[in-house]
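The lines below spell out each chain.
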2 protein chains.
Amino acid sequence: MSKVQSLNMRLTATEENYLKAIFKLSEENGNPTATTNAIAAEMNTAAASVTDMLRRLSEKDLIHYEKYKGVHLKEQGRKVATMLLRKHRLWEYFLVEKLKFEWDEVHDIAEELEHVRSEELINRLDNYLGQPRFDPHGDPIPNADGTIPTRQLTPLSTLKTGQHGVLTGLQEHPDSLMRYLKKVNISIGTKIQVLELHEFDESVSVRIDDERDIELSEKVSKNLLLKI
Amino acid sequence: MSKVQSLNMRLTATEENYLKAIFKLSEENGNPTATTNAIAAEMNTAAASVTDMLRRLSEKDLIHYEKYKGVHLKEQGRKVATMLLRKHRLWEYFLVEKLKFEWDEVHDIAEELEHVRSEELINRLDNYLGQPRFDPHGDPIPNADGTIPTRQLTPLSTLKTGQHGVLTGLQEHPDSLMRYLKKVNISIGTKIQVLELHEFDESVSVRIDDERDIELSEKVSKNLLLKI
DNA sequence: ACATATTTTTAGATTAATCTAAAAATATTT
DNA sequence: AAATATTTTTAGATTAATCTAAAAATATGT
């Protein structure tokens with residue numbers, strides 16, 4: 001019998017969002033646990049509200065929680081979180097590829113769409129889209145069984161002069177970064193070569209697609225993940 | 001200045017559902033007002049909950065409500081209700097035409113999708129689908145300005161022997177009716193001709209697409225709307 | 001038109017999700 | 001290790017949406 005059974009309890013969108021936040025803060029960032037304050041910051045709520053929610057998620061056996069000791073997902077909670085990621089990223093793919101939204105316009109809409117409850121819907125959508133493995137921001141789309149495709153990507157900021165790679169993912173992607181990248185005409189698939197490193201502010205001169213040169217700040221170069 | 005301005009208050013999904021119910025019970029059914037009990041039945045809630053909600057919707061100026069006198073939509077409320085219908089029906093069209101769902105499987109999913117808040121999304125979806133005027137059940141899809149295409153349709157139950165028409169809409173469409181129609185292979189576009197009327201139970205013998213004959217009960221024949 | 005039935009509203013609780021302020025636990029610094 | 005700072009939890013309120021039970025208003029029937 002499979003260890004991964006389909007969840008038979010109804011969660012509210014809020015509960016789902018907390019699980020997503022915990023996933024991001026622990027597993028995705030490689031930390032053992034997520035702390036109350038970190039979750040509060042991620043969710044834009046008061047710490048007291050987080051404590052309350054942790055108690056409830058713990059009662060539902062979705063997370064492991066001990067007072068003052070932080071929190072991490074149990075198997076069921078992890079399943080919920082990865083399914084949300086799957087739904088979010090498939091919807092983003094749909095919005096960009098089919099409805100022709102720009103990649104900096106889709107996050108908030110996908111944030112609502114991901115809470116629509118139907119396994120059938122998401123699997124049909126997946127097929128309709130041709131089972132894409134990465135979303136428009138280069139983020140991996142979890143499979144129906146919860147596994148997440150992994151890749152070996154290198155931040156632009158760690159390359160030496162002369163090295164190059166293809167932009168394949170982003171570390172974080174606030175809309176502000178994506179609007180910036182759109183303005184300087186860089187997107188997933190763009191070739192980037194390091195021309196010069198500037199020690200003073202850690203900025204870097206790069207050649208884009210072998211045809212034009214620009215300057216990127218440290219903050220930007222840390223966010224660009226390349227396939228070497 | 002246009003009388004129809006875009007709504008700047010955030011409504012909850014529940015508030016939206018009440019407005020939809022009031023629209024259905026008053027305007028769509030041609031009644032001047034909707035009553036508390038009728039809304040309670042439509043929403044599957046206690047009458048007391050309805051009274052409470054009517055007070056709040058009235059405070060927001062979305063409905064006209066006087067105690068014990070029933071309720072009807074004001075302009076803003078009507079706008080919200082028709083936009084929900086527009087969203088619901090466009091999503092149903094998407095689910096059936098693009099994701100290949102059956103017409104008896106889409107209602108509940110569309111019920112969730114219709115609450116996703118984005119005008120841009122729904123207008124892009126409309127264009128992507130080719131601006132359809134009717135959904136998979138034959139219901140008219142309201143336009144972006146709130147107007148609703150009308151047609152002159154005749155219930156099968158009012159036809160005389162020998163008359164025929166094309167199935168173009170349904171009076172009501174519970175999933176049970178749609179599963180039945182699927183089973184007997186009748187759908188929007190099917191030609192139906194009256195062969196014989198049975199006075200006793202108001203059932204009717206009909207010829208389908210000029211090639212096979214079946215019996216339809218009174219309840220079914222009242223629900224089938226034909227273009228003569 | 002009065003008694004009875006039905007409908008609607010009010011009163012008082014409950015649950016989920018949130019808040020602020022205060023208390024308790026844990027971590028840091030000198 | 002004591003004092004101080006930070007983090008987390010508890011206590012107590014609030015809002016939206018719901019309920020049941022009782023009261024009030026309206027409608028119906030003889």
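Residues numbered from 1 in each chain as written. Chains lettered and ligands numbered in written order. Predicted model: local features only at pLDDT ≥ 70, side-chain atom pairs only at ≥ 80, totals over all residues. Heavy atoms only, no water.

**Things to note about the protein's contact with DNA strand D**
And then number 1: Neighbouring DNA strand D are 22 residues; A:Y65, A:K67, B:T12, B:S49 and B:R56 lie closest to it.
And then number 2: Each atom of DNA strand D within 4 Å of the protein was classed as base or backbone; sugar and phosphate made up 85%.
And then number 3: One of the backbone N or O atoms of B:A46 is found 2.9 Å from a phosphate oxygen in DNA strand D.
And then number 4: Contributing elements (two or more residues each) for the surface near DNA strand D: helix 2 (36–43) and helix 3 (47–59) of chain A together with helix 1 (13–28) and helix 3 (47–59) of chain B.
And then number 5: For the surface near DNA strand D, the leading source of residues is helix 3 of chain B, giving five residues.
And then number 6: Broken down by class, the residue content of the surface near DNA strand D amounts to nine nonpolar, nine polar and four charged. (Near = heavy atom within 4 Å. Polar contact = N/O pair within 3.5 Å; in protein donor to acceptor, adjacent residues only side chain to side chain. Helix = DSSP H or I, 4+ residues; strand = E, 2+ residues; numbered from the N terminus. Nonpolar A, V, L, I, M, F, W, Y, C, P; charged D, E, K, R; others polar.)

**Details of the domain arrangement of chain A**
And then number 1: Partitioning chain A into structural domains gives domain 1 (13–76) and domain 2 (154–227).
And then number 2: The C-alpha-based centres of domain 1 of chain A and domain 2 of chain A are spaced at 33 Å. (Domains from an automatic or database assignment.)

**Topic: the protein's contact with DNA strand C**
And then number 1: Near DNA strand C lie 21 residues; those nearest to it are A:T12, A:S49, A:R56, B:Y65 and B:K67.
And then number 2: Close to the protein, within 4 Å, the atoms of DNA strand C belong to sugar or phosphate groups at a rate of 85%.
And then number 3: Within the side chain of A:Y18, a nitrogen or oxygen atom sits 3.4 Å from a phosphate oxygen of DNA strand C.
And then number 4: For DNA strand C, a phosphate oxygen lies 2.5 Å from a polar atom in the side chain of B:Y65.
And then number 5: For the surface near DNA strand C, the elements supplying multiple residues, two or more each, are helix 1 (13–28) and helix 3 of chain A together with helix 2 (36–43) and helix 3 of chain B.
And then number 6: Grouping the amino acids of the surface near DNA strand C by side-chain chemistry returns nine nonpolar, nine polar and three charged.

**Quick look at the relation of the copies chain A and chain B**
And then number 1: Each copy of the sequence occupies a distinct position, and chain A is placed on chain B by a rotation of 180° and an axial shift of 0.0 Å, giving an RMSD of 0.1 Å. Seen this way, the second copy is the image of the first under a two-fold rotation axis. Considering only C-alpha atoms, the part of chain A nearest the rotation axis is A:L113, at 3.6 Å.
And then number 2: Most of the interface of chain A is mirrored in chain B, where 100% of its interface residues are also at the interface. (Least-squares fit on C-alpha atoms with pLDDT ≥ 70 in both. Contact = heavy atoms within 4.5 Å.)

**A word on the interface of chain A and chain B**
And then number 1: In this complex, chain A contributes 20 residues to the contact, which on the side of chain B involves 20 residues.
And then number 2: Applying the counting criterion to the chain A and chain B interface returns zero salt bridges.
And then number 3: Our count for the contact surface shared by chain A and chain B stands at seven residue pairs in polar contact (both at pLDDT 80 or more).
And then number 4: Breaking the side of chain A that touches chain B down by element, the ones donating at least two residues are helix 4 (75–97), helix 5 (107–113) and helix 6 (119–128) of chain A. (Salt bridge = Lys/Arg side-chain N within 4 Å of Asp/Glu carboxyl O.)

**Looking at the packing of helix 1 of chain B against helix 3 of chain B**
To characterise two packed helices, one gives the angle between the axes of the helices and the distance between these axes.
All names here are of chain B.
And then number 1: Across the interface, helix 1 lies against helix 3 with an axial gap of 11 Å and an inter-helix angle of 95°. Taken together, helix 1 and helix 3 sit at an angle that is classed as roughly perpendicular. In this structure, helix 1 contributes T14, E15, Y18, L19 and I22 to the contact, and helix 3 contributes S49, V50, M53, L54 and L57.
And then number 2: Residues that form the contact of helix 1 with helix 3 fall into these classes: seven nonpolar, two polar and one charged. (Axes fitted to C-alpha atoms, helices over the stretch in contact; angles between N-to-C directions. Parallel < 35°, antiparallel > 145°, perpendicular 65-115°, else oblique.)

**Considering the sheet that holds strand 3 (residues 154–155) of chain A**
And then number 1: With antiparallel pairing, the six strands of this open sheet are ordered in space as 3-8-4-5-6-7 (chain A). One side of each edge strand has no neighbouring strand; the edge strands of this open sheet are strand 3 and strand 7 (212–216) of chain A. (Pairing = 2+ DSSP bridges.)

**Some details on the packing of aromatic side chains**
The geometry of an aromatic ring pair is captured by two quantities: the separation of the ring centres and the angle between the planes.
And then number 1: Summed over all chains, the structure comprises six aromatic pairs over all chains.
And then number 2: For the ring pair A:F94 and B:F94, a centre distance of 5.2 Å and an interplane angle of 55° mean the geometry is tilted. Taken together, the residues span two chains, with A:F94 in helix 4 and B:F94 in helix 4 (residues 75–97). Taken as a pair, A:F94 and B:F94 share a single burial class, namely buried. (Phe/Tyr/Trp six-rings, centres within 6.5 Å; stacked < 30°, edge-to-face > 60°. Buried < 20%, exposed > 50% of the residue type's maximum accessible area, 1.4 Å probe, protein only.)

**Some thoughts on the side chain of A:K20**
Residue and element names in this part refer to chain A.
And then number 1: Tracing the backbone shows K20 in helix 1.
And then number 2: With a relative accessible area of 15%, K20 lands in the buried category.
And then number 3: Look past the residues within four positions of K20 in its chain and what remains in contact with it is A81, L84, L85, E111 and E114.

**Regarding a negative patch on the surface**
All names here are of chain A.
And then number 1: A grouping of E196, E199, D201, E202 and E215 is seen on the molecular surface, where their side chains present a negatively charged patch.
And then number 2: With respect to the element layout, E199 can be found in the loop between strand 5 (191–198) and strand 6 (203–208).
And then number 3: Overall, the relative accessible area of 73% leaves E199 in the exposed class. (Patch = residues over 30% accessible without salt bridge, like charges linked within 9 Å, V, L, I, M, F, W, Y side chains within 5 Å. Areas by Shrake-Rupley, 256 points an atom, 1.4 Å probe, with all protein chains shown as cover. Lys, Arg positive; Asp, Glu negative; His and termini not counted. Charge placed at Lys NZ, Arg CZ, Asp CG, Glu CD.)

**Let's talk about the nonpolar core**
And then number 1: With 36 residues, the main nonpolar core has A:W91 and B:W91 as its most contacted residues.
And then number 2: Elements supplying a minimum of two residues to this core: helix 4, helix 5 and helix 6 of chain A together with helix 4, helix 5 (107–113) and helix 6 (119–128) of chain B.
And then number 3: Excluding its chain neighbours within four sequence positions, the residues that come into contact with A:W91 are A:A110, A:L113, A:E114, A:L121, A:I122, A:L125, B:W91 and B:L113. (Core = buried A, V, L, I, M, F, W, Y, C linked by side-chain atoms within 4.5 Å.)

**Section: the environment of A:K227**
Residue and element names in this part refer to chain A.
And then number 1: Within the element layout of this structure, K227 appears in strand 8 (residues 224–227).
And then number 2: Assessed through its relative accessible area of 54%, K227 is described here as exposed.
And then number 3: Expressed as a C-alpha distance, the spacing of K227 and S205, which sit 22 residues apart in the sequence, is 18 Å.

**Thoughts on the environment of A:G169**
All names here are of chain A.
And then number 1: Within the secondary structure, G169 sits in strand 4 (residues 164–170).
And then number 2: Between the alpha carbons of G169 and R151 there is a distance of 9.6 Å; along the sequence they are 18 residues apart.
And then number 3: In this structure, G169 is in contact with H137, G138, L153, I188, N223, L224 and L225, ignoring residues within four places of it in sequence.

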